[in-house]
Amino acid sequence: MNIEKQLQTLHKDAKEVEKETFKYFQRLKKRTPKTLDITMRDLHDKEFSKTDCMRCANCCKTSSPIVTEKDIQRISKHFRMKEARFISQFLERDTDEFYVLQNVPCHFLDANDNSCTIYEVRPKACGEYPH
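Residues numbered from 1 in each chain as written. Predicted model: local features only at pLDDT ≥ 70, side-chain atom pairs only at ≥ 80, totals over all residues. Heavy atoms only, no water.

A. Representation of the packing of aromatic side chains within the structure. Applying the stated criterion to the full structure yields five aromatic pairs. Taking the centre distance of 5.0 Å and the plane angle of 50° together, the rings of Phe-90 and Phe-108 count as tilted. Of the two residues, Phe-90 sits in helix H7 (residues 83-90) while Phe-108 sits in the loop between strand S2 (99-101) and strand S3 (109-110), which places them 18 residues apart along the sequence. Residue classification places Phe-90 among the buried positions, given a relative accessible area of 9%. Assessed through its relative accessible area of 5%, Phe-108 is described here as buried. One aromatic cluster is present, built from ring pairs that chain together Phe-79, Phe-86, Phe-90 and Phe-108. Sitting above the plane of the Tyr-99 ring, Arg-93 keeps its charged end 3.8 Å from the centroid. Above the face of the Tyr-119 ring, Arg-122 is positioned so that its terminal group lies 3.9 Å from the ring centre. (Phe/Tyr/Trp six-rings, centres within 6.5 Å; stacked < 30°, edge-to-face > 60°. Helix = DSSP H or I, 4+ residues; strand = E, 2+ residues; numbered from the N terminus. Buried < 20%, exposed > 50% of the residue type's maximum accessible area, 1.4 Å probe, protein only. Lys NZ or Arg CZ within 6 Å of the ring centre and 35° of its normal.)

Encoded structure:
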């Protein structure tokens, strides 16, 4: 199935396994298995062996990462702009008082090829996605 078709059916597919997924995470909360990191790495590797981020970029199109103070320092330095200006131009505080992007899709997403125009200095949350 191509990525566009997967994105169209994602919500329906997730709804079909919602109860099973909820139970899985409830079990994880009660007793985290010692192999959780290995399990998650294996799931990540399996998914990303068939998912091409450059074709999808759905994360950049639909959500905002949390942007830390260090991210702000690094990215504003990259643009040679004052941190306050970078914040006012691109960021806002969410309900938890974290900095997030003012708008989605991400301002730094190149819509022509789904590349990140600040990839080398991107926010830590982007580099760690999907966590």
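Past the structure itself, the notes keep going.
B. Layout of the side chain of Ser-115. Tracing the backbone shows Ser-115 in strand S4 (residues 115-116). At 2.7 Å, the side chain of Ser-115 forms a polar contact with the side chain of Asp-113. In this view, Ser-115 contacts Met-54, Phe-108, Leu-109 and Asp-110; residues no more than four positions away in its chain are not counted. (Polar contact = N/O pair within 3.5 Å; in protein donor to acceptor, adjacent residues only side chain to side chain. Contact = heavy atoms within 4.5 Å.)

C. Structural view of a nonpolar patch on the surface. Together, Tyr-24, Phe-25, Met-40 and Leu-43 give the surface a local cluster of nonpolar side chains, amounting to about 360 Å² of exposed area. Along the polypeptide, Leu-43 turns up in helix H3 (residues 36-48). Leu-43 sits in the partly exposed class, given a relative accessible area of 45%. (Patch = residues over 30% accessible without salt bridge, like charges linked within 9 Å, V, L, I, M, F, W, Y side chains within 5 Å. Areas by Shrake-Rupley, 256 points an atom, 1.4 Å probe, with all protein chains shown as cover. Salt bridge = Lys/Arg side-chain N within 4 Å of Asp/Glu carboxyl O.)

Interpretation in functional terms is not warranted from these geometric data alone.
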